[in-house]
Amino acid sequence: MPSISTGVLRTNPFVTVIVPVFNVEQYVGACLRSILAQDYPNFELLIIDDGSADGSRAICEDYAEYDKRIKVFSKRNGGLGSARNFGLERASGDLICFVDSDDRVTTDFVSSFLERILDGHDIAVSDYASVLPDGRILNTNLIALYDGERDPVTHLMLSDNECNAWNKMYRRKVFDNEKLRFGSGWFEDFACIPAIIGSSDSVGFTNRVTYQYVQREGSIISSIKITPLRALDIIDAAKRLMQLEPVFKPRHWHTYYQWKLVLHVLYFRWADLASVKDPDTRRKARTELSTFVNDNIPLWFMTEFVKERLNTGSLIRRLRERKFVFDVRGSA
């Protein structure tokens, strides 16, 4: 791992790391140990217990006894977005990071971000690895591999998983706009992170894999297979994000609208709903989703994403020519 530069040590900015916790007693210890092992020491760790019913809070309190940089808060269960917002209101740092309580970070997670932030960027971004709970790597996502081939904000907005809150560091000022808060329910980061990126002046990339995204049973992502109708939560998140259009710089909103909005709201969610076993329920859910898209995303069928990615896909074949409404009656 690279050592901390003398410049980072000299400026010594204070960092807040926010960790929402909910029923993760098997994983939270490893998460906290990885954060406390940072090679940059000047940070606070805010743990937000979101109404855990297992031993998670007790584990967090034990770590707080060990390290005074830790503060443990408890709140009634409100979901991941609510817990992050709760932490933001109590953060003292000039810079903010989020870590999910079942994931892990490398020792240079904070310091590698700082190297980029102190170059003058509003947001710093790292690569991440998807790993099994035992640490075996499934794949590596090089979304921060940036060689200056295009505008860096555009590069980030068009990368895979640009909505993730956790592989980034943010200047505190980006949250000065109180509208830039996480949504409720699933897709809480989709409801605001694209707007944060799209409103920023500058983004820096670490080109390092500093975050380990643990794939475990019971996680929010894995739960979509069990409760696929939760995919419809994207509707509320999309409404919230589209209300933030004025926050985006116009060129960045255009990019996001043309390439990513339909991808997240329609394409991925249509696939999620394929897991609904009852055909009638599946048709009703897809009708609700397609109705939202047709009523709220004007000319979505003419976006660059659709023209480039869906012109031969099954999704487009389900369009009715006259009103561009999905023919859900014939879909499986």
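Residues numbered from 1 in each chain as written. Predicted model: local features only at pLDDT ≥ 70, side-chain atom pairs only at ≥ 80, totals over all residues. Heavy atoms only, no water.

Peer 1: Just to check I follow, could you spell out the packing of helix α11 (residues 261-272) against helix α12 (residues 279-296) for this structure?
Peer 2: Look at α11 against α12: their axes get within 10 Å of each other, and the N-to-C directions meet at 170°. Taken together, α11 and α12 sit at an angle that is classed as roughly antiparallel. Judged by residue contacts, Val265, Leu266, Arg269 and Trp270 of α11 engage Arg286, Leu289, Ser290, Phe292 and Val293 from α12. Here the residues of the contact of α11 with α12 are counted per class, giving six nonpolar, one polar and two charged. (Axes fitted to C-alpha atoms, helices over the stretch in contact; angles between N-to-C directions. Helix = DSSP H or I, 4+ residues; strand = E, 2+ residues; numbered from the N terminus. Parallel < 35°, antiparallel > 145°, perpendicular 65-115°, else oblique. Contact = heavy atoms within 4.5 Å. Nonpolar A, V, L, I, M, F, W, Y, C, P; charged D, E, K, R; others polar.)

Peer 1: Could you clarify how one ought to interpret the pairing of strand β9 (residues 203-214) in this entry?
Peer 2: In the case of a regular strand, side chains alternate between the two sheet surfaces. The pairing of strand β5 (residues 104-105) with β9 spans two bridges and is antiparallel. Among the inter-strand pairings, Val105 is bridged to a residue of β9, identified as Tyr211. Sheet topology places strand β6 (residues 123-131) next to β9; eight bridges connect them, and they run parallel. Counted as the bridge partner of Ile123 is Val203 from β9. (Pairing = 2+ DSSP bridges.)

Peer 1: Explain the state of the cysteines here, please?
Peer 2: Linking two cysteines covalently through their sulfur atoms gives a disulfide. Scanning all chains against the criterion turns up zero disulfides. Considering cysteine sulfurs only, Cys163 is the nearest to Cys192, which forms no disulfide, with 9.3 Å between them. Owing to a relative accessible area of 0%, Cys192 belongs among the buried residues under this scheme. (Disulfide = S-S within 2.5 Å. Buried < 20%, exposed > 50% of the residue type's maximum accessible area, 1.4 Å probe, protein only.)

Peer 1: Mind showing me how you'd approach unusual backbone geometry here?
Peer 2: One can expect most non-glycine residues to show negative phi and most peptide bonds to be in trans. Notably, Asn23 is not glycine yet its phi reads approximately 50°, a positive angle. By the element assignment, Asn23 lies in the loop between β1 (15-21) and α2 (28-36). At Leu299, a residue that is not glycine, the phi angle is positive and equals roughly 55°. Looking at where Leu299 falls in the secondary structure, it is placed in the loop between α12 and α13 (304-309).

Peer 1: Help me out: how do you make sense of the nonpolar core in this one?
Peer 2: Nonpolar side chains in soluble globular proteins tend to end up buried together. Ranked by size, the top nonpolar core spans 97 residues in total, and within it Val15, Val17, Leu45, Met169 and Phe190 carry the most contacts. Discounting chain neighbours no more than four positions away, the residues touching Met169 are Val15, Leu95, Ile96, Cys97, Val110, Phe113, Leu114, Ile117, Asp122, Ile123 and Ala124. (Core = buried A, V, L, I, M, F, W, Y, C linked by side-chain atoms within 4.5 Å.)

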